[in-house]
Amino acid sequence: GGEGYVLCVRADGTAGGTAQPKREGEGERETINQPLTIIQRTVEDLEYLHLLYQALDSKGVNRMSALVAFCISAFGGWYWRKEKPFSPTLGETYDWTSPDGRTRALVEQVEYFPPVCVWHVEGTSPGGVRFEMSGELAGISKFWGSYVEFLVNGCLHMTLPDTGEKFSWTKAAL
């Protein structure tokens, strides 16, 4: 049949308390978990990879302004989500290659509680500029009854091997 159990979060943001059966024909409910792990969500920071490519293929102030746009774009996928990601198992990895095949990322869960993952990215811009990125990401989630609080902290480092340029930034807590 059409029955399943969900822990619901009402439209006004309050939690349903206990899991309730979903009845056939009943409207969709929101759940407290999303079907992704934190290591998969980490790779979503590369969703606007074209901004990074633009930064790498630019010089001077244009490079910095495009790099800032890329850093800020990482929050685009996080802000509107109310659900917390699932916790991956210790040692779980996620390997991703960009659709254009120029960039590859590898993320690994290295600590279970609090959850900490590390990642490494290598790629080449359309203009031929090679880059390497690495970082760590720690996330702590708390369920407060009527809302979920998810704090993300981390530091990211990018190196351009051909020029020796290095960039670092801190992931702001949400």
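These numbers were taken from a predicted model, which means no experiment stands behind them. (Residues numbered from 1 in each chain as written. Predicted model: local features only at pLDDT ≥ 70, side-chain atom pairs only at ≥ 80, totals over all residues. Heavy atoms only, no water.)

Student: Can you explain the overall build of the protein chain? Please cite residues and give values.
Tutor: Of regular secondary structure, the protein chain possesses three helices and twelve strands. Per-residue burial over the protein chain gives 36% buried out of 174 residues. Contacts spanning at least 24 positions in sequence make up 45% of the contacts within the protein chain whose residues lie at least 6 apart. Counting only carbon and sulfur atoms, one obtains 56% of the accessible surface of the protein chain, whose full area is about 10,000 Å². (Helix = DSSP H or I, 4+ residues; strand = E, 2+ residues; numbered from the N terminus. Buried < 20%, exposed > 50% of the residue type's maximum accessible area, 1.4 Å probe, protein only. Contact = heavy atoms within 4.5 Å. Areas by Shrake-Rupley, 256 points an atom, 1.4 Å probe, with all protein chains shown as cover.)

Student: Describe helix α3 (residues 60–73), naming the residues involved and giving the relevant values.
Tutor: The end-to-end C-alpha separation of α3 is 20 Å, in line with the 20 Å expected for 14 residues at 1.5 Å each. Arg63, Ala66, Leu67, Phe70, Cys71 and Ser73 are the residues of α3 that are buried. The buried residues of α3 occupy one face: seen down the axis, they fall within an arc of 160°. The exposed residues of α3 that point more than 90 degrees off its buried face are Val61 and Ile72. (Expected span 1.5 Å × (residues − 1). Arc of directions from axis to C-beta.)

Student: Residue-level account of the packing of helix α2 (residues 49–56) against α3, with values.
Tutor: One way to put it is that α2 packs onto α3 with a least axis distance of 8 Å and a crossing angle of 165°. Here α2 is positioned roughly antiparallel relative to α3, judged by the angle of their axes. Along this stretch, α2 crosses α3, giving a crossing that reads as left-handed. Listed contacts from α3 to Leu49, Leu51, Leu52, Gln54, Ala55 and Leu56 of α2 are Arg63, Ala66, Leu67, Ala69, Phe70 and Ser73. Of the residues assigned to the contact of α2 with α3, the class counts are nine nonpolar, two polar and one charged. (Axes fitted to C-alpha atoms, helices over the stretch in contact; angles between N-to-C directions. Parallel < 35°, antiparallel > 145°, perpendicular 65-115°, else oblique. Left-handed = near helix turned anticlockwise from the far one by under 90°. Nonpolar A, V, L, I, M, F, W, Y, C, P; charged D, E, K, R; others polar.)

Student: Outline the environment of tyrosine 112, listing residues and values.
Tutor: Position of tyrosine 112 among the secondary structure elements: in the loop between β8 (103–111) and β9 (116–124). Each C-alpha atom of the pair tyrosine 112 and leucine 90 lies 5.5 Å from the other, and the pair is 22 residues apart in sequence. Sequence-distant contacts of tyrosine 112, that is, excluding residues within four places in its chain, are made with Ser87, Pro88 and Leu90.

Student: Explain the pairing of strand β10 (residues 130–143) residue by residue, including any values.
Tutor: Where β9 meets β10, nine bridges bridge the pair, whose relative direction is antiparallel. Bridge assignment links valine 121 to a residue of β10, and that residue is methionine 133. The turn joining β9 and β10, which pair antiparallel and follow one another in sequence, is formed by five residues; a positive phi near 90° is taken by glycine 128. (Pairing = 2+ DSSP bridges.)

Student: I'd love a proper account of the pairing of β9, names of residues and values included.
Tutor: Examined bridge by bridge, β8 and β9 share eight bridges and lie antiparallel to one another. Pairing of glutamate 108 across the sheet is with valine 118, part of β9. Linkage of β8 to β9, two consecutive antiparallel strands, is achieved through a turn of four residues.

Student: Outline the nonpolar core, listing residues and values.
Tutor: Side chains of a nonpolar character, in soluble globular proteins, are inclined to be buried together. Membership of the largest hydrophobic core comes to 29 residues, with the highest contact counts inside it found for Leu52, Leu67, Phe70, Phe131, Met133, Met158 and Trp169. Sorting the residues of this core by element identifies α1 (38–43), α2, α3, β8, β9, β10, β11 (148–160) and β12 (165–171) as the ones contributing at least two each. Here this core takes six residues from α2, the largest share from any one element. If we ignore the near neighbours within four places in the chain, the residues touching tryptophan 169 are Leu67, Phe70, Cys71, Met133, Gly154, Cys155, Leu156 and Met158. (Core = buried A, V, L, I, M, F, W, Y, C linked by side-chain atoms within 4.5 Å.)

Student: Please provide a residue-by-residue account of the pattern of salt bridges, values included.
Tutor: Throughout the structure, instances matching the rule amount to three salt bridges. Between aspartate 95 and arginine 104 there is a salt bridge, with its nearest N and O atoms 2.3 Å apart. On the basis of relative accessible area, aspartate 95 is assigned to the partly exposed category, the value being 39%. The salt bridge involving aspartate 162 is made with arginine 130; its shortest N-O contact spans 2.9 Å. Residue aspartate 162 is located in the loop between β11 and β12, and its partner arginine 130 is located in strand β10; the two are separated by 32 residues in the primary sequence. Given a relative accessible area of 53%, aspartate 162 falls into the exposed group. Judged by relative accessible area, arginine 130 falls into the partly exposed class, the value being 38%. (Salt bridge = Lys/Arg side-chain N within 4 Å of Asp/Glu carboxyl O.)

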